[in-house]
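Chain residues, written in single-letter form:
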Amino acid sequence: MRKDVRILLVGEPKVGKTSLIMSLVSEEFPDEVPLRAEEITIPADVTPERVPTHIVDYSGTDTCTSLYDETHMANVICIVYSVNNKKSIEKVTLCLKLLNVLILLSCHRVPLILVGNKSDLVEHSSMETILPIMNQYSEIETCVECSAKNLKNISELFYYAQKAVLHPTGPLYSPEDKEMKPSCIKALTRIFKISDLDNDGILNDNELNFFQRTCFNIPLAPQALEDVKNVVRKNMSDGVKDNGLTLKGFLFLHTLFIQRGRHETTWTVLRRFGYDDDLELTQEYLFPLLKIPPDCTTELNHNAYLFLQSVFDKHDKDRDCALSPDELKDLFKVFPYMPWGPDVNNTVCTNEQGWITYQGYLSQWTLTTYLDVQRCLEYLGYLGYSIIQEQESQTAAVTITRNKRIDLQKKQTQRSVFLCNVLGARGSGKSGFLQAFLGRNLAVSTDKRIREDHMSYYAMSTTYVYGQEKYLLLHEVLPDFEFLSEADLACDVVCLVYDISNPRSFEYCAKVYKKHLLDSKTPCVIIAAKSDLHEARQYYSLSPLDFCRKHKLHPPQMFTCNTDEAPSKDICTKLTTMAMYPHMTQADLKNSTFWLRASVGATVFAVLGFAVYKALLKHR
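All residue numbers refer to position in the chain's written sequence, counted from 1. Where totals are concerned, whole chains, interfaces and linings use all residues; where local detail is concerned, this predicted model gives features only for residues with pLDDT of at least 70, and gives and counts side-chain atom pairs only at 80 or more. Processing note: side-chain calculations cover all non-hydrogen atoms of the structure and skip hydrogens and water entirely.

A. Representation of the pattern of salt bridges within the structure. In the sections that follow, a salt bridge refers to a side-chain nitrogen of Lys or Arg positioned within 4 Å of a carboxyl oxygen of Asp or Glu. In total, this model carries 20 salt bridges according to the counting rule given. Salt-bridge contacts for Lys163 lead to Glu264; the nearest nitrogen and oxygen are separated by 3.4 Å. Taken as a pair, Lys163 in helix α5 (residues 154–166) and Glu264 in helix α10 (residues 263–272) lie far apart in primary sequence, 101 residues in all. Working definition: with a 1.4 Å probe on protein chains only, accessible area under 20% of the residue-type maximum means buried, over 50% means exposed, and in between means partly exposed. Residue Lys163 is classed as buried on the basis of its relative accessible area of 11%. Measuring nitrogen to oxygen at the nearest pair gives 3.7 Å for the salt bridge that ties Arg375 to Glu378. Highlighted residues: Arg375 and Glu378, both in helix α15 (residues 373–383), separated by three residues, approximately one helical turn. You can call Arg375 partly exposed: its relative accessible area is 36%. The exposure class of Glu378 is buried, given its relative accessible area of 7%. Connected through shared salt-bridge partners, Arg402, Lys404, Asp407, Arg415 and Asp492 make up one network. In this description a helix means any DSSP run of H or I spanning at least four residues, a strand means any run of E spanning at least two, and both kinds are numbered starting from the N terminus.

Have a look at this one:
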């Protein structure tokens with residue numbers, strides 16, 4: 001809501017601008033009227049809208065300020081004329097033309113109100129003369145006839161002026177067409193879709209009550225709810241379906257509110273869902289302030305995952321635990337653009353048809369939160385997270401992890417997301433390793449090469465360590481040895497990949513390790529990729545195994561994605577474990593009991609987790 005309202009009164013001399021202000025303040029007609037009233041401020045607690053209001057009396061003879069300056073500062077302009085003076089009424093058009101130019105120069109929308117003063121001096125209304133002018137200028141919100149002398153409509157005049165600023169008609173409705181404007185329809189359609197919690201295209205009684213409580217802090221009484229639906233039924237046949245309100249009925253109701261002058265009802269709804277006066281989502285709504293201390297990461301919390309699960313479930317119409325292209329498109333209808341490109345399908349798990357699975361869906365949200373939390377907050381804003389979850393903002397969905405140095409000191413972590421940077425020479429098999437983590441292999445792939453515009457340098461999925469579900473994010477770092485930055489190396493674990501069939505491949509890994517990782521506390525694993533091919537002798541001075549022994553690294557891990565079966569995730573489980581327990585020695589990590597416990601726990605929890613999710617779907 002706007003912090004204050006500035007009302008500017010303009011008009012020809014002697015029309016009563018100053019008298020109107022004096023009568024409002026003193027609640028009586030002044031015996032002596034000054035040439036110009038000083039700017040006054042009405043406190044918020046005495047205004048109907050609870051907003052401080054500044055009233056400015058502009059005099060054409062005032063040399064201290066210019067009309068342009070005042071127009072630029074004004075939120076609403078009242079054009080005052082005398083209803084008993086025909087020339088005064090005729091000059092309203094000239095004033096409107098001048099103000100339109102000045103408003104255009106000031107580059108901001110200013111509603112206008114026509115004020116016919118001195119109604120006590122005539123028995124007739126000036127509305128017949130004024131109506132054609134109002135039809136000609138869409139900026140005019142309304143016309144009020146009043147009398148400063150007998151205090152007729154004085155308080156109403158300034159209430160309408162406040163209302164024109166706080167609840168303007170212009171962005172909502174076109175009087176000429178007698179219908180809502182496209183931008184208003186678009187905003188209300190998004191609001192309807194967010195409020196339709198089961199995505200059946202109807203707002204049932206529970207959803208309508210939740211909507212009413214969310215926007216107006218009070219539920220609708222059963223009879224009031226039926227009355228609302230009956231009004232819609234009488235006016236449109238398809239406005240109510242299965243005793244619930246359809247989108248057409250919802251839009252009709254708001255059109256009715258606006259036509260009956262109840263703009264504040266529609267504006268209350270729009271502002272509750274984050275819209276500004278131009279029907280754009282505000283920056284404060286989309287990007288609430290969230291400070292991230294150094295060496296801390298961002299993750300979604302439990303309530304956020306429950307919310308995202310509910311969003312997935314309401315759009316997974318066929319209950320196949322995956323989102324088809326149409327289902328995904330339907331999910332993102334509340335966004336102004338498609339947030340996920342084709343690269344997402346190569347970043348997270350998909351089914352055989354290439355559709356994003358439930359696990360892949362949550363993984364993509366987890367990745368976005370970890371890499372770009374502001375983007376995640378924006379996305380949650382479009383989905384209406386703070387409204388549905390009844391939170392102050394989307395920041396309630398995010399957990400900021402503690403500093404990594406504290407984790408190292410305490411030798412334990414509460415984090416759920418770990419980053420593994422994957423480095424290696426070109427052609428060493430890094431991309432294959434990332435895709436294998438998502439359960440894909442080369443042997444059964446019909447398209448072994450990923451299109452360049454569909455390429456992703458990230459792969460995100462879950463692993464299990466000691467029965468705990470964790471997210472591992474693999475990041476393929478471009479192989480530019482001389483220009484590796486701190487960001488390229490800032491991670492929880494490093495994976496160096498070489499091609500065993502290429503005799504020059506290991507040399508890159510050895511140089512990167514010695515230059516950037518030798519004195520680092522970041523755990524490191526060397527992957528011997530393409531292990532299905534003939535192993536060539538590496539040209540480097542030490543063999544990969546001897547290099548690992550010399551630097552007290554785990555022996556090279558054999559890996560191939562050229563198999564008929566889904567590639568093993570064992571290596572990724574080891575990487576996650578090393579990221580979780582960087583203080584462990586290589587002897588600890590080599591212990592067979594350790595890996596047995598980790599792998600068994602992973603298998604058991606993966607099977608149980610999938611079984612529970614399937615059971616939940618059957619109950620729905």
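B. Spatial organisation of the packing of aromatic side chains. Aromatic contacts are taken between Phe, Tyr and Trp rings whose centres are within 6.5 Å, Trp giving its six-membered ring; a plane angle under 30 degrees counts as stacked, one over 60 as edge-to-face, and the others as tilted. In this structure the tally under the stated criterion is 23 aromatic pairs. For the pair Tyr305 and Tyr471, a centre-to-centre distance of 6.4 Å together with 10 degrees between the ring planes defines the contact as stacked. Linking Tyr305 in helix α12 (residues 302–315) with Tyr471 in strand β18 (residues 468–476), this pair joins segments that are 166 residues apart in sequence. Accessibility expressed as a relative area gives 8% for Tyr471, which makes it buried. Between Trp340 and Trp365, the ring centres sit 6.3 Å apart and the planes meet at 65 degrees, which makes this aromatic pair edge-to-face. One end of the pair, Trp340, is in the loop between α13 (325–331) and β14 (356–357); the other, Trp365, is in helix α14 (residues 358–371), and 25 residues separate them in sequence. With respect to class, Trp340 is no different from Trp365; both count as buried. Ring pairing ties together the aromatic residues Phe312, Phe332, Phe335, Tyr337, Trp340, Tyr358, Tyr361, Trp365, Tyr379 and Tyr382, which thus form one cluster.

Fair warning: the whole summary comes from geometry, so function is off the table for now.
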